[in-house]
Amino acid sequence: MSEKSLSVKQAIRERRSIKLFNGEPVNKEEVLAIFEEAKWAPNHGNRQPWRVVLAVDEGLQKLADVIREFVVPNWKELPEEEVSKKMAKFTTPGAVAFIIMPQDLRQKERLEDYAAASSFIQNAQLLAWDEGIGTCWKTPGWLEKPEFLKALGVEAGERPISMLQFGHFDAIPNDKPKKSVEEFVTFF
Ligand SMILES: Cc1cc2nc3c(=O)[nH]c(=O)nc-3n(C[C@H](O)[C@H](O)[C@H](O)COP(=O)(O)O)c2cc1C
């Protein structure tokens, strides 16, 4: 981790989801260091309801081979260039993490766990941003398909809630308009 960090306020305010990565690899140790800090997310009962499957280095190609079946099912019939183009948003991140959480049968606990795992993800996004690494939390439809769950090693009673892409980027997207605080706060 770098010595000089953004303030919490700056990191929250300036982070953007990066959807266009430049293809540079992301160092495995750097991603692990991000998760080492992200694990301090709030969570009820210290259940720490998350685990991560990380694709980095040679794992990225293996992951791309799996994803291709869902994104371009007819890839064998298409020119390589067309397949590469369709796959670009999955092959240009430098590391990809799948955040998997337990599916507690009790609704309250399940919602708490989703909130906690989401806080963990947000922490990771902010920490990555602080390191100059972009992220995007993605939930493609195939994330829940049985064939993908099997390839990912998701057990019964678990659920992946995020494909978190990490990568380097050349441009920061503009921010989007947000509601003013008066629009979403009322007083008790
Ligand atoms: C639960 C969740 C699911 C998301 N799924 C996707 C997705 O499937 N594809 C995508 O491009 N962005 C996805 N995003 C990212 C949002 O598009 C992004 O956060 C939103 O546009 C606000 O932009 P910002 O993160 O730069 O502030 C997701 C974000 C969240 C929190």
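Cut-offs and rules
- Residue positions within a chain follow its written sequence, with the count starting from 1.
- Only residues with pLDDT of at least 70 get local features here, since the model is predicted, and only at 80 or more are side-chain atom pairs given and counted; chain-wide, interface and lining totals rely on the full set of residues.
- Numbering of helices and strands starts at the N terminus; helices are DSSP runs of H or I of at least 4 residues and strands are runs of E of at least 2.
- The globule rule is 2.2 Å times the number of residues to the power 0.38, and the radius of gyration it is compared with is taken over C-alpha atoms.
- Backbone-placed C-beta atoms define the burial measure: a residue is buried with 20 or more other C-beta atoms within 10 Å of its own, exposed with 12 or fewer, and partly exposed in between.
- A residue pair is marked as a contact if its C-beta atoms, positioned from the backbone, fall within 7 Å.
- Any two strands with at least two DSSP bridges between them are considered paired.
- UniProt positions are given in the numbering used here, feature names are shortened, and annotations may be inferred rather than shown by experiment.
- We call a residue near a molecule or strand when the C-beta position, derived from backbone atoms, sits within 6 Å of it.
- Gly is placed with the polar residues, together with every amino acid not listed as nonpolar (Ala, Val, Leu, Ile, Met, Phe, Trp, Tyr, Cys and Pro) or charged (Asp, Glu, Lys and Arg).
- Between the N-to-C directions of two axes lies an angle of 0 to 180 degrees, each axis being a line fitted to C-alpha atoms and, for a helix, fitted only over the stretch in contact.
- Working rule for angles: under 35 degrees goes down as roughly parallel, over 145 as roughly antiparallel, 65 to 115 as roughly perpendicular, anything else as oblique.
- For any helix crossing, the convention is left-handed if the near helix is rotated counterclockwise from the far helix by under a right angle, and right-handed if that rotation is clockwise.
- We define a nonpolar core as a collection of buried residues of the types Ala, Val, Leu, Ile, Met, Phe, Trp, Tyr and Cys that are connected via C-beta atoms lying within 7 Å of each other.

(A) Representation of the overall build of the chain within the structure. Looking only at helices and strands, the chain has 7 helices and 4 strands in total. From first element to last, N terminus to C terminus, the chain shows the α and β order α-α-β-α-α-β-α-β-α-β-α. Taken over C-alpha atoms, the radius of gyration comes to 18 Å for the chain, in line with the 16 Å a tight globule of 188 residues would show. For the chain, buried positions account for 26% of its 188 residues. Long-range pairs, those at least 24 residues apart, make up 81% of the contacts in the chain with a sequence separation of at least 6.

(B) Examining unusual backbone geometry more closely. A positive phi angle, near 50°, is found at Asn46, a position not held by glycine. Structurally, Asn46 is set in the loop between α2 (28-38) and β1 (51-55). Its identity is not glycine, yet Gln48 carries a phi of approximately 45°, on the positive side.

(C) Region of interest: the pairing of strand β4 (residues 158-167). The element β4 is extensively covered by neighbouring structure, given that 7 of its 10 residues are classed as buried. Where strand β2 (residues 95-102) meets β4, 8 bridges bridge the pair, whose relative direction is antiparallel. Of the residues in β4, the one forming a bridge with Pro102 is Glu158.

(D) A look at the environment of Gln103. Note that Gln103 resides in the loop between β2 and α5 (107-130). Look at Gln103 and you get partly exposed, because 15 C-beta atoms sit within 10 Å. C-alpha separation for the pair Gln103 and Pro49, spaced 54 residues apart in sequence, amounts to 9.3 Å. Among residues more than four places away in sequence, those in contact with Gln103 are Arg110, Gly157, Glu158 and Arg159.

(E) Fine view of the UniProt feature "domain: Nitroreductase" (unreviewed entry) in the chain. Residues given the UniProt feature "domain: Nitroreductase" (unreviewed entry) here are residues 12-168. Along residues 12-168 the backbone is 45% helical and 18% strand, and the end-to-end C-alpha distance reaches 18 Å.

(F) The arrangement of the site of the ligand in detail. The immediate surroundings of the ligand are formed by Arg16, Ser17, Lys19, Cys136, Trp137, Lys138, Thr139, Pro140 and Lys176. Classifying every residue of the shell around the ligand by side-chain character gives 3 nonpolar, 2 polar and 4 charged.

(G) How the structure looks around the sheet that holds β1. On the basis of which strands lie adjacent, the open sheet formed by 4 strands has the order β1-β2-β4-β3 and antiparallel pairing. The open sheet has two edge strands with one neighbour each: β1 and β3 (134-138). Averaged over all adjacent pairs, the angle separating strand axes in this sheet is 25°, with direction ignored. Of the pairings in the sheet, the one linking β3 to β4 comprises 5 bridges and is antiparallel in character. In the strand pairing of β4, Thr135 is matched with Phe166.

(H) Looking closely at the packing of helix α3 (residues 58-71) against helix α4 (residues 80-91). Between α3 and α4, the shortest axis-to-axis distance is 10 Å and the interhelical angle comes to 125°. Here α3 is positioned oblique relative to α4, judged by the angle of their axes. Judged by the sense of rotation from one axis to the other, the crossing of α3 with α4 is right-handed. Mapping the contact onto sequence places Ala64, Ile67, Arg68 and Val71 in α3 and Lys86, Met87, Phe90 and Thr91 in α4. Across the contact of α3 with α4, the residue classes break down as 5 nonpolar, 1 polar and 2 charged.

(I) Looking closely at the nonpolar core. Core analysis: the largest hydrophobic core is formed by 31 residues, its most contacted members being Ala95, Ala97, Ile99, Ala117, Ala124 and Phe166. Listing elements by their share of this core, those giving two or more residues are α2, α3, β2, α5 and β4. The biggest single contributor to this core is α5, with 9 residues. Once residues within four sequence positions are removed from consideration, Phe166 is found in contact with Val26, Val31, Pro93, Gly94, Ala95, Ala97, Ala128, Ile133 and Thr135.

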